[in-house]
Amino acid sequence: MNDKTNITLTINGRDHAIAVEPRRTLADAIREDCGQTGTHIGCEHGICGACTVIVDGEPVRSCLMFAVQAAGKTIRTVEGLAKDDKLHPMQQAFMDHHGLQCGFCTPGFLMLAVGVLEREPDISDDDLLDVLSSSLCRCTGYQGIIKAVRAAAIEMRGK
Amino acid sequence: MTAPAKFVGRSVPRLEDRPLLTGQGRFAADISFPGQWTMRVVRSSAAHGVITSIDASAALALPGVHAVWTAADVAHIPPIPFRLTGLKALEPYRQPVLAKDIVRYVGEPVAVVFAQDQYVAEDAADLVEIGIEQQQALMHATDEPGAYTEDLNTEPSVVRKSYGDIDAAFRNAHAVVAFELSIGRHTGVPMETRGAIARYDQARDILEMHGAAKVPHWNRDALAQMLGRTRDSVQLYEGHVGGGFGIRGEIYPEDVLVCAAALKFKKPIKWIEDRREHLIAANHSRQQQHKVRAAIDAQGHILGIDDEFFHDNGAYMRTHAATVPDLAAAMLPGPYVVPAYRAVGHIRLTNKTPCGTYRAPGRYESTFVRERLLDAIAAKVGVDKVEIRRRNLIGKAAMPYTLGLETLGTHIVYDSGDYAKLLDKALDAADWKNLWLQLLKRRAAGEKVGCGVAMFVEKSGLGPFDTVRVEVKADGAVEVITGVASIGQGVETVVAQICADALGVDYAGIRVIHGQTDRIDKGMGAFASRVTVMCGEATRLAATKLRDKALNHAAQLMQTKADALDIVNGEVVRIGGGASMPLGEVARSLPDGLSAEDTFESAHMVYPYGVHVAAVRVDAETGGVTIERYVMAYDIGKAVNPKLVEGQIAGGLAQGIGGALLEEFLYDEAGEPLSVTFADYLMPTAREVPESTILITEDAPSPLNPLGLKGAGEGGANPVGAVIASAIDDALGRPGAITELPVTPQRLRTILNGAAG
């Protein structure tokens, strides 16, 4: 049926040579073809943000990008945040501030926040709230997430 | 020797977090088996009609498609049974796993496609042609009941609850206040959609279902019965669960279909719902219309409440049967003295998605109704909304308070509470007097700002039992095995904290096993804010038993008496110093190992209670509502982990705000759902949920369990619609203006324009 294209996805510094249909989403390719299931799919139309990953330094919704569009680009997912056993400051802050309950939206929030803060370390609290309001969480009521991201922002600026 | 760490009552970090933060969670979609087939459901596009034809030939011709099923292929499977509040009269209204002859809502499963992967399955599903001869859709529960079948109409049953002489109350009333009120259709909408993966292991003759949640043991038994298997040959496995809120984990048609197909095709069958499906196929909730009136005396004391309501249950009666209307009727009186009461709840079916429970089921609805009444009584008598509540509250001395109603198979007896004290604390936390004065000034300056207060009684800790087994392994590791489930709320941490204190070990080393039917024979699952209360106490009992066992055996080994020993950080030690022995060594020296099991039984629920205070600003131009201040006070008897309790309450608030201001499943008159994506079903974001003040109090421990526990899950959501309505009324300066939730900008503009005109 549909022809497949050979591409290489570079995820967290590791190359994955895969064959995908042109219509295959990046989210599906990351999860199904590359086996990195930390990236979650919550709505498949770019609203909930659970599937957010960082592509060439920008947070993107991987359900709205085709896998073939990400070939040759640098992709970072939640699996790449911790270094060995040491959690990324953002992960640690989510733990410290009860920024997660069920944990389904968490990888998307982590990648969104890390991506934005790396690009814009001095972002104002209000702009940060705007950024965070682009993803959905159904458990926490957001207060723990906001506290965690603000705390991690301070920590990340210090580095 | 150091004193044992005390874990209960401390906000220790969650044991659950690390895998979830590092992308190592195992949610339903993360589970795959070699050779699996993907299932895709073909759903009805009509709200009501007769199926005239199903043509799957084009779908079957597509490469990669293995099979297509219709009702004929599952004719041997009975409809989905009731789990709670099942009434005989409701049985003919149960949902079949695939529609046979008639479709009753848009989204109803009509056929399923099995294919090599999701992409092919979706292509194939689009090719299945279903002929439907459309019939008139019944869209309003308040319309006259229509025909359901030849013999049955769309009102399967009426919930009736009453006590006292209601007619006398109204005869003797100084005044009567009356309202017509409605609550919009909305639901839990967890971020993870539903999913189920079934696998049949021929070698062991075991059917496995992965992706289970909430009530795995009950579902195991029900699935076994539906599929004609013994219960021991069906096992359910809960992985990580991306939010529950009442709706996830009930048996749905798709769960039965993956299991039946795994048995038939001898292939692992995987089904993962997409978001559009979720919004039209998973349980909806909440939609009710109430005609309520209260009889009062000259001081505003309630003499009686008389409520008739219409509960829109959608197209079928699902697993919850009459639970939601039953709870709405049973919990309406709340924290007030209501000498006479009558509720008549019409369970009505319509051509919309079927309904079930959603966080604070029935209470979100009837708290809105009751608290609207209290505000109206205040206006009628000319006292403020705090004073009218004070006058009517049940006093501390009246506890335990027998309400005279039953629900969920239990008599409602408020076990403990000091409602007036909590009201004072909440008002202090909100700095109510200053808040009131400031808002008054701002209103005088032309702003539309106002504040509201709402009170409620929750219920939690539903029995009848929970069993827990605690084991110390040969290497000293401690395992707690329970039949409850985790839906993301922090069960593992809380159960470990309780076990740690009772046993004398560190909570962080305890492994809590839940939701695995092959690890423990019985279990009640996670619903009705029951886990911490029921499983918590069962854990304490089992761990205490284990401790006694360990000490008695160690006493023999150490040639001393058991009461000369203690367990500290996993070591049996002599009180006062001397030799010690690790628990693992005690376990190794026992021929049957070191374990203990115990069961906590409870015939009554426990009743936490709360007060919410809100201040809002209304934008007259847009009809938008901004929440400026929000205070929640909740007495839960004993908080095992205060931070997690706060998390529950904050999360409940967000969902409550959704139902109060934003979320609503809308339909057109033909029954076409209009809220099928997150672009049209609006859930609160970080912008809409205000920073809140949460006050957890422990003034009224439950007398029904030794730790005094009450559940935390639902008090954040319960009164949000009520308090927001109260605050908007105040902002508009029009008591009783808000009669319908959600208060969308459109509705509020209509109210504002009405006032102008």
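1. Let's talk about the pairing of strand β21 (residues 510-513) of chain B
Residue and element names in this part refer to chain B.
So, point 1. Every second residue of β21 is oriented toward a common face, the buried set being Ile510 and Val512 and the non-buried set Arg511 and Ile513.
So, point 2. Inspection of the sheet shows strand β20 (residues 478-482) paired to β21 by four bridges, in the parallel sense. Bridge pairing in β21 links Glu479 to Arg511.
So, point 3. The parallel pair β20 and β21 is bridged by helix α13 (residues 491-503), and the resulting crossover is right-handed.

2. Topic: the packing of helix α2 (residues 89-96) of chain A against helix α3 (residues 106-119) of chain A
All names here are of chain A.
So, point 1. Interaxial distance between α2 and α3 falls to 10 Å at its minimum, and their mutual angle equals 130°. In terms of orientation, α2 and α3 fall into the oblique class. Handedness of the crossing formed by α2 with α3: right-handed. Facing α2, whose interface residues are Met90, Gln91 and Phe94, α3 presents Thr106, Leu110, Ala113 and Val114.

3. Remarks on the confidence of the model for chain B
So, point 1. Overall, the prediction assigns chain B a mean pLDDT of 96, with 99% of residues at 70 or greater.
So, point 2. Interface confidence in the predicted complex, given as ipTM, is 0.98; pTM for the same model is 0.97.

4. Topic: the domain arrangement of chain B
All names here are of chain B.
So, point 1. Taken domain by domain, chain B comprises domain 1 (17-25 + 462-601), domain 2 (34-135 + 193-241 + 248-281) and domain 3 (288-461 + 605-756).
So, point 2. Distance from the C-alpha centre of domain 1 to the C-alpha centre of domain 2: 38 Å.
So, point 3. The interface is formed by 17 residues belonging to domain 1 together with 16 residues belonging to domain 2.
So, point 4. In the side of domain 1 that touches domain 2, the residues fall into five nonpolar, 10 polar and two charged.

5. Some details on the sheet that holds strand β10 (residues 206-210) of chain B
Residues and elements named next belong to chain B.
So, point 1. Strand order in the open sheet formed by seven strands is β3-β5-β1-β12-β9-β10-β11, with mixed pairing between adjacent strands. The sheet terminates laterally at β3 (65-69) and β11 (234-237), the two strands that pair on one side only. Looking at each pair of strands side by side, their axes are set apart by 20° on average, direction ignored.
So, point 2. Pairing of strand β9 (residues 195-201) with β10, which is carried by five bridges, proceeds in the antiparallel orientation. The partner of Ala198 across the bridge, within β10, is Met209.
So, point 3. Sheet strands in contact with helix α3 (residues 118-127) are β1 (37-43), β3 and β5 (109-115), and its direction is about 25° off that of β1.
So, point 4. Strands in contact with helix α5 (residues 216-227) are β10 and β11; relative to β11, the strand with the most contacts, it is inclined by about 145°.

6. Considerations on the nonpolar core
For soluble globular proteins, the rule of thumb is that nonpolar side chains tend to be buried together.
So, point 1. Membership of the largest hydrophobic core comes to 305 residues, with the highest contact counts inside it found for B:Val113, B:Val258, B:Cys499, B:Val616 and B:Ile724.
So, point 2. Setting aside chain neighbours within four positions, we find B:Val616 in contact with B:Val449, B:Gly450, B:Val625, B:Thr626, B:Ile627, B:Glu628, B:Ile724, B:Ala727, B:Ile728 and B:Ala731.

7. Some words on the sheet that holds strand β7 (residues 157-163) of chain B
All names here are of chain B.
So, point 1. Taking strand neighbours across the sheet as the criterion, the five strands line up as β7-β15-β14-β13-β8 in an open arrangement whose pairing is mixed. Every other strand in the sheet has two partners, leaving β7 and β8 (175-183) as the edge strands with one partner each. On average, each strand axis in the sheet is inclined to that of its neighbour by 10°, with strand direction left out of account.
So, point 2. Note: strand β13 (residues 288-296) against strand β14 (residues 302-312), nine bridges, orientation antiparallel. Paired with Gln288 across the two strands is His311, which belongs to β14.

Cut-offs used in this document
- Residues numbered from 1 in each chain as written.
- Chains lettered and ligands numbered in written order.
- Predicted model: local features only at pLDDT ≥ 70, side-chain atom pairs only at ≥ 80, totals over all residues.
- Buried ≥ 20, exposed ≤ 12 C-beta atoms within 10 Å, placed from the backbone.
- Helix = DSSP H or I, 4+ residues; strand = E, 2+ residues; numbered from the N terminus.
- Pairing = 2+ DSSP bridges.
- Right-handed = clockwise from strand over helix to strand, strands pointing away.
- Axes fitted to C-alpha atoms, helices over the stretch in contact; angles between N-to-C directions.
- Parallel < 35°, antiparallel > 145°, perpendicular 65-115°, else oblique.
- Left-handed = near helix turned anticlockwise from the far one by under 90°.
- Contact = placed C-beta atoms within 7 Å.
- pLDDT = per-residue confidence, 0-100.
- Domains from an automatic or database assignment.
- Nonpolar A, V, L, I, M, F, W, Y, C, P; charged D, E, K, R; others polar.
- Core = buried A, V, L, I, M, F, W, Y, C linked by C-beta atoms within 7 Å.

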